[in-house]
Amino acid sequence: MAVTSTSLASQLSIGLRRQPSPKFDSLSSQSLSFDPNIRLSVSSPKPSRTVIAMAGSGKFFVGGNWKCNGTKDSISKLIADLNNAKLEPDVDVVVAPPFVYIDQVKTSLTDRIEVSAQNSWVGKGGAFTGEISVEQLKDLGCKWVILGHSERRHVIGEKDEFIGKKAAYALSEGLGVIACIGELLEEREAGKTFDVCFQQLKAYADAVPSWDNIVIAYEPVWAIGTGKVASPEQAQEVHIALRDWLKNNVSAEVASKTRIIYGGSVNGGNSAELAKKEDIDGFLVGGASLKGPEFATIVNSVTSKKVAA
């Protein structure tokens, strides 16, 4: 559906309102309330020192999803750019190359950056043509896997429950999970943003054994690869709601320590303003992650979070 740039912001703001949904009959009304007090207090008695102002207690996290892009030559150039980049030290940095290039990346990329896969199978490997097992990813040195990306949901047809099981298996085998969630444009316009995101989040919560190694990536589908970016305020509003859902449905500890990152046309020009928001704990970057210097700029946007302490 075509939406003009002037009407987009107002429509997207309206789309945050929650509408009644039978999908959430099993959730208590408490689980849909938002606690604005989930914050990390930051005092400022010593202006000479700085801290990272984040609602959660985890380290800033930036992932680069290379999707189905690249050749051996172009990836060698990208690796060289990343190896030469000056990256802020207080950021976890991960890149997710296509499966066929994971070994090339792992053997030549600086240890400062960890390697992720873009998908994994739901269980142990075997007679599953075209799939990649968690065990194989670990054998190549992967530390993370991206699961539940909108392209897997809406193009490949993966369902919430299946994605939750994939996450559970990956975690049980020692891989970290970048757990993607996000609404379609028509779902936002219908006021179902929270309904959709909570349902997707609940599928993870129902399946995973622990939240110790999960990063939640909120990626509104209407913003992925479209050039339309959620405003910092729009992203912050959803991130607050997600953290509050974790507090009410999992635990306050999980709500505090789980990093919630934003994805959707993030680039070197908008990352600093997005990073200023307290509940945005980092980014999952698509196209801009294929450009080494720009990806470094996004990683270094963590400096926007630094305040006097």
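Residues numbered from 1 in each chain as written. Predicted model: local features only at pLDDT ≥ 70, side-chain atom pairs only at ≥ 80, totals over all residues. Heavy atoms only, no water.

A.B. asks: Describe the overall build of the chain, listing the residues and the values that go with them.
C.D. replies: Regarding its fold elements, the chain presents 12 helices and 10 strands. The burial tally for the chain puts 51% of its 309 residues in the buried class. Contacts in the chain between residues far apart in sequence, at least 24 positions, make up 76% of those at least 6 positions apart. Counting only carbon and sulfur atoms, one obtains 52% of the accessible surface of the chain, whose full area is about 13,500 Å². (Helix = DSSP H or I, 4+ residues; strand = E, 2+ residues; numbered from the N terminus. Buried < 20%, exposed > 50% of the residue type's maximum accessible area, 1.4 Å probe, protein only. Contact = heavy atoms within 4.5 Å. Areas by Shrake-Rupley, 256 points an atom, 1.4 Å probe, with all protein chains shown as cover.)

A.B. asks: I'd like a rundown of the packing of aromatic side chains, residues and numbers included.
C.D. replies: Under the defined criterion, the tally for this structure stands at 7 aromatic pairs. Ring geometry for tryptophan 121 against phenylalanine 162: centres 6.2 Å apart, planes inclined by 65 degrees, an arrangement best described as edge-to-face. Within this pair, whereas tryptophan 121 is found in the loop between strand S4 (114–117) and helix H4 (134–139), its partner phenylalanine 162 is found in helix H6 (residues 160–172), the two being separated by 41 residues in sequence. The exposure class assigned to phenylalanine 162 is partly exposed, which follows from its relative accessible area of 28%. Site record: aromatic cluster; members linked through ring pairs are Trp121, Phe128 and Phe162. (Phe/Tyr/Trp six-rings, centres within 6.5 Å; stacked < 30°, edge-to-face > 60°.)

A.B. asks: Before we move on, can you summarise the pairing of strand S3 (residues 91–96) with the specific residues and values?
C.D. replies: With 5 of 6 residues buried, S3 lies mostly within the body of the structure. Here 6 bridges tie strand S2 (residues 60–65) to S3, and the two strands are oriented parallel to one another. From the neighbouring strand, glycine 63 faces S3, where its bridge partner is valine 94. The β-α-β motif built from S2, the intervening helix H2 (residues 72–84) and the parallel element S3 has right-handed crossover chirality. Sheet analysis places S3 next to S4, joined by 2 bridges and oriented parallel. Paired with valine 95 across the bridge in S4 is valine 115. Traced from S3 through helix H3 (residues 102–108) to S4, the parallel crossover comes out right-handed. (Pairing = 2+ DSSP bridges. Right-handed = clockwise from strand over helix to strand, strands pointing away.)

A.B. asks: Tell me what's going on with unusual backbone geometry, and back it up with residues and numbers.
C.D. replies: At lysine 67, a position not held by glycine, the phi torsion is positive, near 55 degrees. Note on placement: lysine 67 falls in the loop between S2 and H2. The residue serine 265 is not glycine, and still its phi comes out positive at about 60 degrees. With respect to the element layout, serine 265 can be found in the loop between strand S8 (259–263) and helix H11 (271–275).

A.B. asks: Lay out H2 with the relevant residues and their values.
C.D. replies: Look at H2: 18 Å from first C-alpha to last across 13 residues, which is about the 18 Å you get at 1.5 Å a residue. Of all the positions in H2, only Ile75, Leu78, Ile79 and Leu82 are classed as buried. Buried residues of H2, seen end-on, are gathered within an arc of 100 degrees and therefore sit on one face of the element. Exposed and oriented more than 90 degrees from the buried face of H2 are Asp73, Lys77 and Asn84. In this structure, the buried side of H2 is in contact with S3, H3 and helix H12 (292–299). (Expected span 1.5 Å × (residues − 1). Arc of directions from axis to C-beta.)

A.B. asks: Please provide a residue-by-residue account of H6, values included.
C.D. replies: The end-to-end C-alpha separation of H6 is 18 Å, in line with the 18 Å expected for 13 residues at 1.5 Å each. For H6, the complete set of buried residues consists of Asp160, Ile163, Gly164, Lys166, Ala167, Ala168, Tyr169, Ala170 and Leu171. Check the buried side of H6 and you find it contacts H4, strand S5 (144–147), helix H5 (150–156), strand S6 (176–181), helix H8 (193–207) and strand S7 (214–218).

A.B. asks: Go over the nonpolar core with me, naming the residues and quoting the values.
C.D. replies: Ranked by internal contacts, the top residues of the largest apolar core, which has 69 residues, are Val62, Trp211, Leu242, Tyr262 and Phe283. In terms of residues, this core owes the most to one element, helix H9 (residues 232–249), which gives 6 residues. Setting aside anything within four residues of it in sequence, one finds tyrosine 262 in contact with Tyr218, Pro220, Ala223, Val229, Ala230, Ala235, His239, Leu274, Ile280, Gly282, Phe283 and Leu284. Residues Val94, Trp144, Ile146 and Leu284 belong to the second largest nonpolar core, which totals 11 residues. (Core = buried A, V, L, I, M, F, W, Y, C linked by side-chain atoms within 4.5 Å.)

A.B. asks: Give me the environment of valine 145: which residues, what numbers.
C.D. replies: One can find valine 145 in strand S5. We classify valine 145 as buried; its relative accessible area is 0%. When the C-alpha positions of valine 145 and alanine 179 are compared, they lie 8.5 Å apart, and in sequence the two are 34 residues distant.

A.B. asks: Break down the confidence of the model for the chain for me, with residues and values.
C.D. replies: On average, residues of the chain score 86 in pLDDT, and 81% of them are at 70 or above. For the stretch residues 1–12, pLDDT sits under 50, and the model shows 15 contacts to residues farther than four places along the chain or on other chains. In this model residues 17–49 is a low-confidence stretch, pLDDT under 50, and it forms 60 contacts with partners more than four residues away in sequence or in other chains. (pLDDT = per-residue confidence, 0-100.)

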